[in-house]
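Observations on the model geometry
Listed below are the residues making up each chain.
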Amino acid sequence: MVAPTIVKDVLNPALYNNDDVEVQFYQQRKEWPWTRGGVHALSWVFFAGGLVLIFGLLNLRDVLLDRRRLGYTLANNNKHRALSSQRSLFDRMSLHFRAFCYLRSSLTSLATTSLGLGILILAGFLYPLLYVFSQHPYYEREPRFGPPPLGGRSGMIALAMTPFILLLGMKANLISMVTGMGHEKLNVLHRWLGFVCGFFSLVHSVPYIVEPLKSGGWGKLTEVFHSHITYWNGVGALVCMFWLTFGSLNFIRAWCYEAFVHLHIILGVGYVGLMFWHCANVLTSWHYLYATCVIWVSHLAYRFIWRTNWFGPRFFSGDQAHFTPLTNDGVKITVPTRMRWQAGQHIFIRMPGISLLDNHPFTVASIMSNDTKDCEYNDLVLVFKPHKGFTRRVFDISRTRPDVSYRAYLDGPYGGLSRKLEAFETVLMVAGGSGITPIVAHLQHLASKIHRGEALTRDIRIIWTVKRFESLEWFKDEISAAARSLPRNMLLCQYYVTEETAIELPKGPVSATREWPQSPITPTFHQPPPALLRPPGTCKAEEEFQLRIMEKDVGSSSDEELHEFPFPAVRPVTPVPPMGDEVLLEFGRPPLRDGLPPWSETFGRRTCIYVCGPQSMKVDVANAVADMQSDIWACEKREEIYLHSETFGW
């Protein structure tokens with residue numbers, strides 16, 4: 001009988017006695033000895049890498065199909081022929097997939113996540129959960145024989161998640177390039193994967209507490225923790241992880257966003273530093289920490305050197321930002337710059353003269369001129385409503401010192417659509433409030449493409465919901481200019497006003513100048529509420545009360561206000577601003593959930609529905625688009641209804 005070979009360092013030499021022959025013999029006879037712990041980390045790498053590959057191939061398929069359709073149609077002199085009338089198995093599966101994955105819950109806590117994204121998050125949690133807990137044993141026969149296998153498996157998987165968490169949170173990253181998903185969407189996965197990593201970090205820690213408690217009680221636990229610093233730097237890393245995850249909750253981010261951002265960076269650096277100390281280069285632990293550092297440093301260098309406009313007329317001079325006050329508390333920032341961007345992208349702007357550390361994201365509301373050369377300037381336009389902090393200070397300056405310009409450093413652009421809007425026959429864009437910003441840029445881009453004969457789009461529709469008439473002034477000129485450049489009735493806009501006193505409009509759904517056309521579409525949305533007429537003998541107080549009741553119906557008052565003020569004063573009636581013939585005006589909130597599916601009967605062969613607004617609006621549109629998928633089966637003339645839900649306020 002041949003004696004087993006004696007090998008040194010079968011365990012972590014800082015915590016265990018590798019000279020113990022019995023320990024060496026035990027580890028060599030195990031199916032999964034401690035020295036093979038690096039395989040646990042690789043299991044997560046292959047799982048996550050496989051998901052990225054799958055979504056990358058799906059994105060590549062859509063991009064190539066859009067390019068092929070555009071090229072085929074343009075090569076046939078824009079005759080708008082279909083490539084094929086046969087639906088492939090993949091097309092049929094895509095319909096079921098979208099009908100299922102587009103669904104969203106109306107619960108506020110779940111509204112940010114679609115059903116498809118929720119399943120992806122659940123899979124990212126269940127796979128490591130099953131991997132860690134389905135294998136046995138959880139503990140070694142004796143503590144001296146090695147660390148608890150449960151702690152080893154969970155610890156290595158949590159460590160392997162670290163570079164993926166950072167990658168998902170970066171503004172410019174490889175996952176966005178492969179999958180076509182902007183960083184603002186991947187940020188949801190960044191936060192959830194952080195929670196999953198925190199959970200498995202806790203699972204890694206618990207066995208190291210339970211094991212000494214079982215073998216010797218609190219005295220043994222105290223002795224173990226006082227025996228080596230490894231336990232304490234592990235506790236420090238766990239504390240950093242706790243604040244990194246729970247400090248990212250939505251209510252904390254909304255309460256103190258600037259403080260959250262700076263604290264998040266500091267704690268992230270602290271976590272990685274403590275993990276270097278805690279892991280002490282055992283097994284493959286430092287490989288993932290090195291990867292994390294490489295991702296972080298390369299990302300910062302890329303943004304600093306290639307994505308930020310440091311080099312203006314003078315070194316580190318940036319560009320000059322000019323403020324313009326808009327109606328309804330709006331603010332427009334105009335920055336003449338040589339930066340290049342595409343419709344729907346956003347940038348991060350930093351103005352040291354207003355706030356040295358703040359770096360805020362804004363969607364670009366303008367497009368570049370078609371004949372612009374690389375060295376020429378374009379006006380980059382940002383429009384927003386202030387909240388607090390940086391945006392509130394910009395708002396105050398725009399009102400008190402509108403002629404003053406500030407040095408601005410632009411970081412970007414980022415995000416945008418991976419697919420081409422001009423490859424869709426019908427484009428429906430739904431906006432709420434300042435969510436109109438990317439839609440205006442897309443509209444200008446589409447109008448330019450259609451004018452040059454480089455688009456398949458034949459039908460453009462916009463639904464915009466605002467609180468006050470004044471908000472309609474923000475982009476009135478841009479939308480009217482786009483409408484004038486397009487064939488008649490190609491662009492149709494439907495505006496909903498929720499907090500204005502309803503006024504008498506001409507009979508039927510009409511714009512300020514003409515009736516809504518019956519061709520090429522017949523909208524199924526509800527009619528504007530009838531104007532309240534004062535019958536003979538009605539007192540003024542009662543009329544005001546009726547007006548307030550109607551305001552409640554269109555979403556501007558609450559039941560408590562009606563009970564508290566039985567005869568409330570009504571705000572002055574705001575006159576309807578002049579609008580173009582492409583505009584339909586209604587009061588109240590659009591019935592998106594119930595109104596969009598019947599409207600889809602007039603969509604073209606391939607339709608893109610683009611929504612940017614509050615969560616409730618995105619939930620209604622997403623559920624409506626999910627319902628539309630089944631209608632495609634009943635109509636051979638339609639192939640696809642694609643949803644793009646733009647994220648703002650992340």
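For every chain, the first residue of its written sequence is number 1, and the numbers climb from 1 along that sequence. Since the coordinates come from a predicted model, pLDDT governs what is reported: local features require at least 70, and pairs of side-chain atoms require 80 or more to be given and counted, while whole-chain, interface and lining totals use all residues. As a rule here, side-chain values come from all non-hydrogen atoms in the structure, and water together with hydrogens is ignored.

Things to note about empty space enclosed by the protein
Sizing a probe to match a water molecule and rolling it over the atoms shows the empty space that remains. Detection works on a 1 Å grid of protein atoms alone, calling trapped sets that fit a 1.4 Å probe cavities and calling open sets with protein on both sides within 12 Å along at least five of seven lines pockets, with lining residues defined by an atom within 4 Å of a point. Grid points are joined across faces, edges and corners, and a volume is the space filled by probe spheres set on the points. Across all of its chains, the model carries four cavities of 30 Å³ or more by this definition. Looking at the largest cavity, its volume works out to about 350 Å³. Secondary structure follows DSSP: runs of H or I at least 4 residues long count as helices, runs of E at least 2 residues long count as strands, and numbering of each begins at the N terminus. Looking at the lining of the largest cavity, the elements that each hand over two or more residues are α2 (38–75), α4 (115–133), α5 (149–169), α6 (174–179) and α7 (183–227). The element best represented in the lining of the largest cavity is α2, accounting for six residues. Among the residues forming the lining of the largest cavity, the class breakdown is 18 nonpolar, two polar and no charged. Only Asp, Glu, Lys and Arg are considered charged in this grouping, and only Ala, Val, Leu, Ile, Met, Phe, Trp, Tyr, Cys and Pro are considered nonpolar; every other residue, Gly among them, is considered polar.

Re the packing of helix α8 (residues 229–246) against helix α10 (residues 257–279)
For every element, the axis is a line fit to its C-alpha atoms; helices are fit only across the contacting stretch, and the angle between N-to-C directions ranges from 0 to 180 degrees. Interaxial distance between α8 and α10 falls to 9 Å at its minimum, and their mutual angle equals 155°. When the axes of α8 and α10 are compared, the pair comes out roughly antiparallel. Our pair here, α8 against α10, has a crossing hand that is left-handed. Across from Ile229, Thr230, Asn233, Gly234, Gly236, Ala237, Cys240, Met241, Trp243 and Leu244 in α8, the residues of α10 making contact are His264, Leu267, Gly268, Gly270, Tyr271, Leu274, Met275, Trp277 and His278. In terms of residue class, the contact of α8 with α10 is built from 11 nonpolar, eight polar and no charged. Orientation labels follow simple angle bins: below 35 degrees gives roughly parallel, above 145 gives roughly antiparallel, 65 to 115 gives roughly perpendicular, and whatever is left gives oblique. For any helix crossing, the convention is left-handed if the near helix is rotated counterclockwise from the far helix by under a right angle, and right-handed if that rotation is clockwise. Here a residue-residue contact requires only that any non-hydrogen atoms of the pair lie within 4.5 Å.

Here we look at the sheet that holds strand β3 (residues 346–350)
At least two DSSP bridges between two strands are required for those strands to pair. Judged by pairing direction, the sheet is antiparallel, and its six strands sit side by side in the order β4-β3-β6-β1-β2-β5 without closing on themselves. Each edge of the open sheet is held by one strand with a lone partner, namely β4 (360–363) and β5 (378–384). Strand-to-strand twist across the sheet, computed as the mean angle between neighbouring axes with direction ignored, equals 40°. Strand direction decides the pairing type here: β3 and β4, joined by four bridges, are antiparallel.

Looking at the confidence of the model for the protein chain
Confidence of the predictor in every single residue is expressed as pLDDT, which spans 0 to 100. On average, residues of the protein chain carry a pLDDT of 81, and 81% of them reach 70 or more. Of all secondary-structure elements in the protein chain, the lowest mean pLDDT belongs to helix α16 (residues 559–564), at 36, while α5 reaches the highest, 95. Of the regions scoring below 50 in pLDDT, residues 506–572 engages in 117 contacts with residues more than four places distant in sequence or in other chains.

Brief notes about the packing of aromatic side chains
The aromatic pairing rule takes the rings of Phe, Tyr and Trp, using the six-membered ring of Trp, and pairs them if the centres are within 6.5 Å, calling planes under 30 degrees apart stacked, those over 60 edge-to-face and the rest tilted. Scanning the model with the defined rule gives 26 aromatic pairs in all. Summarising the aromatic geometry, the rings of Phe195 and Phe246 are spaced 5.7 Å apart at their centres and angled 90° between planes, so their arrangement reads as edge-to-face. Of this pair, Phe195 sits in helix α7 while Phe246 sits in helix α8, placing them 51 residues apart in sequence. Aromatic pair Phe362 and Phe384: ring centres 4.8 Å apart, planes at 35°, arrangement tilted. Separated by 22 residues along the polypeptide, Phe362 in strand β4 and Phe384 in strand β5 bring together distant segments of the chain. Each residue is assigned to one of three classes by its accessible area relative to the maximum for its type, calculated with a 1.4 Å probe on protein chains only: buried under 20%, partly exposed between the two thresholds, exposed over 50%. Among the residues examined, Phe362 registers a relative accessible area of 9% and is labelled buried. According to the relative accessible area criterion, Phe384 is buried, its value standing at 5%. Through successive ring pairs, a cluster of aromatic residues spans Trp44, Phe47, Tyr127, Tyr131 and Phe164. Only when the NZ of Lys or the CZ of Arg is both within 6 Å of the ring centre and within 35 degrees of the ring normal is a charge said to sit over the ring. The lysine or arginine in question, Lys214, covers the ring of Tyr139, its NZ or CZ lying 5.2 Å from the ring centre.

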